[in-house]
Amino acid sequence: MRKILTLFLLALVVLAGLGWGLMQTPLTPPSECFVEIETGSSTLLIARQLEEASVLRTRYAFVVARLLRRGKLKAGEYRFTTPATPLQVYDRIARGDVYTIPITIPEGNNLYDIAARFEASHFFPAADLLTAAHQQTSIISDLDPHATSLEGYLFPDTYLFPRHITAEQAVRAMVRRFRQAAKTIGLAAPTRSTVVIASLIERETPIASERPLVASVFQNRLARGMPLMSDPTVIYGLELAGKWRGEIYASDLDYDSPYNTYRHTGLPPGPVSNPGLSSLKAAMHPAQSDYLYFVAETADPFGHSRFAATLEEHNRNVVSYRKAEKAEMQSEAPLPVVKKKAKKQARAIHKRPASHRKRAVH
């Protein structure tokens, strides 16, 4: 009897040793693999998924890890590419270390820009986001009851999304981020006029310190019943109609769109971009000024503006700008191919949001 007990205990020790060794031995997946754990999955189901994906040698190692570690396992998609022990695999899932892909939405991007970014990052076709942005307006009904799309409420930020996120889930996440940001600056519903003005400010200047002044120009013109004459609104109307050619032409200012603030007084029908926090603050708290005009600063590479209270002063600023621009073009020496390409790329970065600033607000 004693001999049998001794053998039994020895067997237990051996099995425990083998089990512990198994728990400490990493297994290299055959290649990059993904395991999608659904909400409510049992430990045994997760263990079987990991075994079938060759993340673990045996599902029972994960069950043992569960007994040792306890804790709550989190749903999501997990990516495995490097060797990991059963305990390490378990700890990753308990932490919720799910696989995500970063995507950055810059300040001032509009729906078309954002849709193109998602498609370029291989999330989903651009058309899916445009559809979702027009069909999901109920999620901002308290902020903007008359919104026809989510334009203006897709907050610019860097997001971490799973590979298989849908366009509907993406826009809802961006709207949630807008609400969080709005709360930090005390922006309460309804927010339509504030967001519309902020969207114009965002496209008019890249200089944060000038945004309250730009806001004051718009407020002063609205108070006097003057048209805003803001090129970003013209551009947006052209984009909606599929007529935007990459640069604004004099003939575009006559295009009859409800967004054309050369032809129509007051605010445009809705936002023309998705503004960041700085532009939202500026729209809420415009500077106190008597400015009615602004134009790009002469030969300034950073996008500063000159502001004016009278048309005469503004016209002088415009003349000064055009003379400086002409002189710069005439004085440019031929550049080596590499430098010429770099300079072209630098201009392209600012071309879209700033191309209208030669005329700016008249």
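Criteria and cut-off values
- Residues numbered from 1 in each chain as written.
- Predicted model: local features only at pLDDT ≥ 70, side-chain atom pairs only at ≥ 80, totals over all residues.
- Heavy atoms only, no water.
- Phe/Tyr/Trp six-rings, centres within 6.5 Å; stacked < 30°, edge-to-face > 60°.
- Lys NZ or Arg CZ within 6 Å of the ring centre and 35° of its normal.
- Salt bridge = Lys/Arg side-chain N within 4 Å of Asp/Glu carboxyl O.
- Helix = DSSP H or I, 4+ residues; strand = E, 2+ residues; numbered from the N terminus.
- Buried < 20%, exposed > 50% of the residue type's maximum accessible area, 1.4 Å probe, protein only.
- Expected span 1.5 Å × (residues − 1).
- Polar contact = N/O pair within 3.5 Å; in protein donor to acceptor, adjacent residues only side chain to side chain.
- Axes fitted to C-alpha atoms, helices over the stretch in contact; angles between N-to-C directions.
- Parallel < 35°, antiparallel > 145°, perpendicular 65-115°, else oblique.
- Left-handed = near helix turned anticlockwise from the far one by under 90°.
- Contact = heavy atoms within 4.5 Å.
- Nonpolar A, V, L, I, M, F, W, Y, C, P; charged D, E, K, R; others polar.

Engineer: Which residues make up the packing of aromatic side chains, and what are the values?
Structural biologist: We describe a pair of aromatic rings using the distance from one ring centre to the other and the angle between the two ring planes. Counted under the stated rule, the structure contains 13 aromatic pairs. It is Arg92 that lies over the ring of Phe80; its NZ or CZ is 4.7 Å from the centre. One Lys or Arg, Arg163, reaches over the ring of Phe34 and ends 3.7 Å from the middle of that ring.

Engineer: Talk me through the pattern of salt bridges; I want residue IDs and the actual numbers.
Structural biologist: In the structure shown here, the tally under the stated rule is 13 salt bridges. Between Glu52 and Arg48 there is a salt bridge, with the nearest N and O atoms lying 3.9 Å from each other. Of this pair, Glu52 and Arg48 both sit in helix α2 (residues 43–52), separated by 4 residues, roughly a single helical turn. When the shortest N-O distance is used, the salt bridge between Arg59 and Glu51 registers 2.7 Å. Relative accessible area serves as the criterion here: at 22%, Glu51 is assigned to the partly exposed category. Put simply, Arg92, Arg95 and Asp97 are held in one network by salt bridges that share partners.

Engineer: Describe in detail helix α8 (residues 192–204), supporting the description with residues and values.
Structural biologist: Helix length check: α8 (13 residues) gives 19 Å between terminal C-alpha atoms against 18 Å at 1.5 Å per residue, within 8%. Burial analysis of α8 places 11 of its 13 residues in the buried class, the great majority of the element. Among all positions in α8, only Thr194, Val195, Val196, Ile197, Ala198, Ser199, Leu200, Ile201, Glu202, Arg203 and Glu204 are buried.

Engineer: Give a detailed account of helix α5 (residues 111–120), specifying residues and quantitative values.
Structural biologist: Looking only at α5, the buried set comprises Leu111, Asp113, Ile114, Ala115 and Phe118. For α5, the N-terminal capping position is held by Asn110, with its side-chain oxygen 2.9 Å away from the main-chain nitrogen of Tyr112. His122 occupies a position one or two residues after α5 and carries a positive phi of about 65°.

Engineer: I'd love a proper account of the packing of helix α9 (residues 211–223) against helix α11 (residues 277–284), names of residues and values included.
Structural biologist: Between α9 and α11, the shortest axis-to-axis distance is 8 Å and the interhelical angle comes to 45°. Taken together, the axes of α9 and α11 lie oblique to each other. Our pair here, α9 against α11, has a crossing hand that is right-handed. Note on element contacts: α11 touches α9 through Ser278, Ser279, Ala282 and Ala283, opposite Arg211, Pro212, Ala215 and Gln219. A class-by-class count of the residues in the contact of α9 with α11 yields 4 nonpolar, 3 polar and 1 charged.

Engineer: Help me get a handle on the environment of Val63, residues and values and all.
Structural biologist: Within the secondary structure, Val63 is located in helix α3 (residues 59–69). Once residues within four sequence positions are removed from consideration, Val63 is found in contact with Leu44 and Ala47.

Engineer: A description of the packing of α2 against α3 should follow, citing residues and the corresponding values.
Structural biologist: Helices that pack against each other are described as a pair by the angle of their axes relative to one another and the distance between those axes. Viewed as axis vectors pointing N to C, α2 and α3 meet at an angle of 140°, and their least axial separation amounts to 8 Å. In terms of orientation, α2 and α3 fall into the oblique class. Of the two elements, α2 crosses α3, and the hand of that crossing is right-handed. Taken together, the residues of α3 that come into contact with α2 (itself represented by Thr43, Leu44, Ile46, Ala47, Arg48, Leu50 and Glu51) are Arg59, Phe62, Val63 and Arg66. Taken together, the residues of the contact of α2 with α3 break down into 6 nonpolar, 1 polar and 4 charged.

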